[in-house]
Structures are given as C-alpha cells and as structure tokens.
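Structure at a glance
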Amino acid sequence: MLTSESLKRIDREIAKYPAEQKQSAVMAALAIAQEEQGWLSSAAIEFVAGYLGMAPIAAYEVASFYNMYDLKPVGKYKVSVCTNLPCMLTGGVDAGEYLKTKLGIGYNETTPDGLITLKEGECMGACGDAPVMIVNNRRMCSWMNPEQIDKLLAELK
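Because the structure is predicted, anything quoted here is derived from the model rather than measured. (Residues numbered from 1 in each chain as written. Predicted model: local features only at pLDDT ≥ 70, side-chain atom pairs only at ≥ 80, totals over all residues. Heavy atoms only, no water.)

Some details on a nonpolar patch on the surface
Judged by side-chain polarity, Leu 85, Met 88, Leu 89 and Val 93 come together as a nonpolar surface patch covering roughly 380 Å² of accessible area. Take the nonpolar patch: its biggest share by element is three residues, from helix α5 (residues 85-89). On the basis of relative accessible area, Leu 89 is assigned to the exposed category, the value being 66%. (Patch = residues over 30% accessible without salt bridge, like charges linked within 9 Å, V, L, I, M, F, W, Y side chains within 5 Å. Areas by Shrake-Rupley, 256 points an atom, 1.4 Å probe, with all protein chains shown as cover. Salt bridge = Lys/Arg side-chain N within 4 Å of Asp/Glu carboxyl O. Helix = DSSP H or I, 4+ residues; strand = E, 2+ residues; numbered from the N terminus. Buried < 20%, exposed > 50% of the residue type's maximum accessible area, 1.4 Å probe, protein only.)

Observations concerning the environment of Lys 8
Tracing the backbone through its elements, the reader meets Lys 8 in helix α1 (residues 4-14). Taking the C-alpha atoms as reference, Lys 8 lies 25 Å from Ser 64; in sequence the two are 56 residues apart.

Quick word on the packing of aromatic side chains
Within this structure, the stated rule accounts for three aromatic pairs. With a centroid separation of 6.0 Å and an interplanar angle of 20°, the aromatic rings of Phe 47 and Tyr 51 are classed as stacked. Here Tyr 51 and Phe 47 lie together in helix α3 (residues 42-52), a separation of four residues that amounts to about one turn. Take Tyr 51: its relative accessible area is 26%, and that puts it in the partly exposed class. Aromatic pair Tyr 66 and Tyr 69: ring centres 6.5 Å apart, planes at 80°, arrangement edge-to-face. A network of ring pairs unites the aromatic residues Phe 65, Tyr 66 and Tyr 69 as a single cluster. (Phe/Tyr/Trp six-rings, centres within 6.5 Å; stacked < 30°, edge-to-face > 60°.)

Concerning the pattern of salt bridges
Here the structure, examined in full by the defined rule, presents nine salt bridges. The shortest N-O distance in the salt bridge between Glu 5 and Arg 12 comes to 3.9 Å. Its relative accessible area of 42% is what places Glu 5 among the partly exposed residues. Ionic pairing is found between Glu 155 and Arg 139, a salt bridge with its closest N-O pair at 2.9 Å. Separated by 16 residues along the polypeptide, Glu 155 in helix α7 (residues 146-156) and Arg 139 in strand β5 (residues 139-141) bring together distant segments of the chain. For Arg 139, a relative accessible area of 35% corresponds to the partly exposed category. Taken together, the salt bridges that share partners define one network made up of Arg 9, Glu 35 and Arg 138.

Looking at the nonpolar core
One finds Ile 10, Val 26, Leu 30, Leu 40 and Leu 52 to be the most contacted residues of the largest nonpolar core, which totals 21 residues. Elements that contribute at least two residues to this core include exactly α1, α2 (26-37), α3 and α4 (56-65). Filtering out sequence-adjacent residues up to four positions away, Leu 30 remains in contact with Leu 40, Ile 45, Val 48, Ala 59, Val 62, Ala 63 and Tyr 69. (Core = buried A, V, L, I, M, F, W, Y, C linked by side-chain atoms within 4.5 Å. Contact = heavy atoms within 4.5 Å.)

Details of the UniProt feature "binding site: [2Fe-2S] cluster" (unreviewed entry) in the protein
Following the UniProt record, the feature "binding site: [2Fe-2S] cluster" (unreviewed entry) maps to Cys 82, Cys 87, Cys 123 and Cys 127 here. What stands out for the annotated residues spanning 46 residues is how close their C-alpha atoms remain, the widest pair being 9.3 Å apart. Tracing the backbone shows Cys 123 in the loop between β3 (116-121) and β4 (133-135). The exposure class of Cys 123 is partly exposed, given its relative accessible area of 46%. Ignoring any residue separated from it by four or fewer positions in sequence, one finds Cys 123 in contact with Cys 82 and Asn 84. Position of Cys 127 among the secondary structure elements: in the loop between β3 and β4. (UniProt positions renumbered as here; feature names shortened; annotations may be inferred.)

Below, the structure is given as structure tokens:
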C-alpha cells in the first residue's frame, strides 16, 4: 500500500512514542500516506490503522475531523480559505468569493484542469494576518486581497 520509504518515515514517527502507544503517531502516519498518494482512500486509512495496531474507525475519526486530510481526490494545489470569524470580519468571505469567481468553482470543487481545489478552512492561527489562506497544508498566505490572490494564482499556474 505504501512505499518502503513512507513506511520508514512512519516508523520514525512511531519511535517517538512508547511501544504500547504507537497509535499516537496516527496523525503523522496519515499525513505521510496522503503525501504519497495525494489523498486518503478508505484502503489507505485502513492500512495505516492496521500498521499502528488500532481500529480503522479510530483512524477514520482522525482523518475526517481535521481538514488537512483529504478523503477525496484533490487538485495539484489545494487552496483553503479561512472563513472563521476573525478572517470573515476582515475580508475572508470576500476573498473566498473572489477565488470562486476567478476559478469558476465553488468550495469543495476542483478546476476542470485538475489544478486547484478550493476548500473552506477552519482557523489557521494567523488571525492578525487575516484574511489568510493555506496552500497544500504547508504554505500560509496572509493579507489576501484581490491583488495578492491574483499573484498567488499566477504562481500556481
């Protein structure tokens, strides 16, 4: 299901915890599986659960709770827009609407070319930089007005 390199990475995460608590590495293991496969299928979640010696439903609960995990295929770039209250009050909703119009898609949709998936995100912990977006769960983008959004989209294309 996963490459030997991914399994080695998961083993390094497991080693951070006592042997009887290896399921504590579930978040890292799911992230590694998603990084390799692009998203988390039911089979991938079940594999990770089995590898960690935990019930598949427990791993699924983690994967379905956090919005950094994708339970369906996504585009090459996943752009998550924070729409929690601080971002909403400082342009997060407007930024999301601007992106929807520019991309011609709604939230939880992917552009026809498979390049960008647009998501509504939970708080990203950068309220002072609102409105914020995060690309592929790694790159935080702050103060995202239409000009900044246009720059970001140009970079992604």
